[in-house]
Amino acid sequence: MADTLVQLADHVWIFPRDSDPSRAESQPNVGIIVTEKHTLLVDAGNSPRHGRRIMIALDDIQAPSVYNIIYTHSHWDHVFGAMVFGAPAVAHELARRQLGEMATRPWNNNYLLEEIQRTPARESSIRAMMRAMEDWRNFRIVQPELVLSQKLNLYVDSTTIEIEHVGGNHSPDSVIVTLPQSRIRFIGDCYYPPPSYLRSPEDTLDFALMRRLIRDDIDLYVDGHNPPMTREVFTRYANGETLTAQSLG
Ligand SMILES: [Zn+2]
């Protein structure tokens, strides 16, 4: 069965994260912005296989070809699907540096098994990567061609897309992507704690950063691994309330 996009506004969809919690960590939401003549993605999926599923779903809504991919940050699960789209990427300058370094590694399962030996705490993340990637042949990390250090606005046809660096504990290269006309803000993983292998017991969500993301003219927040949240729900979450699946909707 074809994967179903979730429509958030007139010209905005997501290819939703895998709702199976055991896999959700490695298959994030991918944002889809369709202008008159172009399609832009917010993140690229975790693998060429994931990317191809997104392509098929884009065909279903007759989306124009992908013009640009905005990486919210450089983690593999947001980037490794990019090669299938044949489109350039935009990211923070630190993400370009990080992805440039990652591109020098010999990507294959033997290399990853050695990585697990070197850093056992990364095992679950690396195993997830190996499950996501069916085949490493011809694999390539699409490097950002356009980078920002603080803010960058894209004006694509009649759509405004605001990209802003926020950093945070999860990944110092995190940016957020705001669509002022649709009142939607994509926030990636920016307010999450560091990746599990770098996490210490006292690490929490970055509540101060979450509160900085709240703006009255935003109706919907889309992060990397949860269902979209209304401003009201996200505000409660930022104020320390624990959200249940029900309140997340
Ligand atoms: Zn991440």
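Among the five residues of strand β3 (residues 30-34), five are classified as buried, and the element is accordingly described as predominantly covered. Of the two faces of β3, the one lined by V30, I32 and V34 and the one lined by G31 and I33 are each fully buried. Taking the residues that link successive antiparallel strands as the turn, the β3-strand β4 (residues 39-42) hairpin has four residues.

Next up on the list: the packing of aromatic side chains. All told, the structure shown has twelve aromatic pairs when counted by the stated rule. Where W107 meets F139, the ring centres are 6.4 Å apart and the plane angle is 80°; that geometry is what we call edge-to-face. In this pair, W107 is assigned in the loop between α4 (93-102) and α5 (109-118) and F139 in the loop between α6 (123-132) and β7 (144-148), connecting sequence segments 32 residues apart. Using a relative accessible area of 13% as the deciding quantity, one classes W107 as buried.

Quick look at the coordination of the zinc ion now. Here the zinc ion is held by H73 (NE2), H75 (ND1), H170 (NE2) and D189 (OD), and the distances to it run 2.1 to 2.4 Å. Classification of the site at the zinc ion as irregular follows from its four donor atoms and the range of 87 to 179° in their angles at the metal. Between the donor residues of the zinc ion, the gaps in sequence give the motif H-x1-H-x94-H-x18-D. Remark: D189 occurs in the loop between β11 (184-188) and α7 (207-212) and H170 occurs in the loop between β9 (159-165) and β10 (175-179); sequence separation between them is 19 residues. Here the two residues H170 and D189 agree in accessibility, since each one is buried.

So, about the environment of L220. Within the secondary structure layout, L220 lies in strand β12 (residues 220-223). Taking C-alpha positions, L220 is 6.7 Å from R183, a pair spaced 37 residues apart along the chain. For L220, the contacting residues outside a window of four places in its chain are L8, R183, I184, R185, P228, M229 and T230.

On to unusual backbone geometry. Non-glycine residue D43 carries a positive phi angle of around 75°. At Q62, a position not held by glycine, the phi torsion is positive, near 50°. Here Q62 shows up in the loop between α2 (48-60) and β5 (66-70). With a relative accessible area of 70%, Q62 lands in the exposed category.

Across the sheet, which stays open at both edges, the seven strands sit in the order β1-β2-β3-β4-β5-β6-β7 with mixed pairing between neighbours. The strands lining the two open edges of the sheet, one partner per strand, are β1 (6-9) and β7. Pairs of neighbouring strands in the sheet enclose a mean axial angle of 25°, with direction left out of account. Of the pairings in the sheet, the one linking strand β2 (residues 12-15) to β3 comprises four bridges and is antiparallel in character. Pairing of W13 across the sheet is with I32, part of β3. Where α2 meets the sheet, its contacts fall on β2, β3, β4 and β5, and the angle it forms with β2 comes to roughly 145°. The strands that α4 touches are β6 (89-92) and β7; relative to β6, the one it contacts most, it runs at about 110°.

Cut-offs and rules
Residues numbered from 1 in each chain as written. Predicted model: local features only at pLDDT ≥ 70, side-chain atom pairs only at ≥ 80, totals over all residues. Heavy atoms only, no water. Buried < 20%, exposed > 50% of the residue type's maximum accessible area, 1.4 Å probe, protein only. Helix = DSSP H or I, 4+ residues; strand = E, 2+ residues; numbered from the N terminus. Pairing = 2+ DSSP bridges. Phe/Tyr/Trp six-rings, centres within 6.5 Å; stacked < 30°, edge-to-face > 60°. Donors = N, O, S within 2.8 Å, 3.2 Å for Na, K, Ca; no water. Tetrahedral: all angles 85-135°; square planar, octahedral: opposite > 155°, others 65-115°. Contact = heavy atoms within 4.5 Å. Axes fitted to C-alpha atoms, helices over the stretch in contact; angles between N-to-C directions.

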